[in-house]
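Structural overview for review
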Amino acid sequence: MHVSLLYRLFRKLGILRGEDNPYYGVSIPRKARFPFSLLEFSGILPLFLARFFKRLISDYLVCDRGALDFAIWVSATLNYPEFLRSLLGKFSLSLASREKPILLTAPPDILMARSKTPRAFLYREHVFYEILGKYFSRCVIDTSELSPIEVVARVLKCVGN
């Protein structure tokens, strides 16, 4: 929350304008990427803790974003692939391996048609999902030609129900 407010403030004040993070229209300078990754982590830490406690009482956790998404978000929006080799990046990927997320995806051309995200950012983000999804997700489901009910059926098959 506080990171989002900071990015919104930057956008309002015209500070750090750029396309690395198209959702806020900012680009963080290379030297400031590590401190901003710490800031991003401080914002996601309460969610990680809440999920940890929820997992103690449930076998499955249904949510739209997880540790893998966070690692990719920081890497893509800060244009900082080195984040994945940092202590926080490794920690996030470790959590992702425990979460065993189900990745819903589509080819870049279909994603372009579905969103207003700039092409360069979308491709950068897609590459992260493509590579990391192979190693950290339980399964990858291509939604490009599936109806919502077919996606649900594939998700249930993936979790074994």
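Above this text is the structure in question.
Residues numbered from 1 in each chain as written. Predicted model: local features only at pLDDT ≥ 70, side-chain atom pairs only at ≥ 80, totals over all residues. Heavy atoms only, no water.

1. Concerning the state of the cysteines
Per the stated rule, a full pass over the model turns up one disulfide. Here C139 pairs with C158 through a disulfide, and the sulfurs are 2.0 Å apart. Its S-S torsion of about -130° marks the bond between C139 and C158 as left-handed, since a negative value means left-handed. On the criterion of sequence distance, the pair formed by C139 in strand β3 (residues 139-142) and C158 in helix α7 (residues 148-159) is long-range, its members being 19 residues apart. Like C139, the residue C158 is buried in the burial classification. (Disulfide = S-S within 2.5 Å. Helix = DSSP H or I, 4+ residues; strand = E, 2+ residues; numbered from the N terminus. Buried < 20%, exposed > 50% of the residue type's maximum accessible area, 1.4 Å probe, protein only.)

2. Examining the packing of helix α2 (residues 33-55) against helix α3 (residues 67-77)
For the pair α2 and α3, interaxial distance at closest approach is 11 Å and the crossing angle is 175°. With respect to their mutual orientation, α2 and α3 come out roughly antiparallel. Of the residues in α3, those in contact with S37, E40, F41, I44, F48 and R51 of α2 are A67, F70, W73 and V74. (Axes fitted to C-alpha atoms, helices over the stretch in contact; angles between N-to-C directions. Parallel < 35°, antiparallel > 145°, perpendicular 65-115°, else oblique. Contact = heavy atoms within 4.5 Å.)

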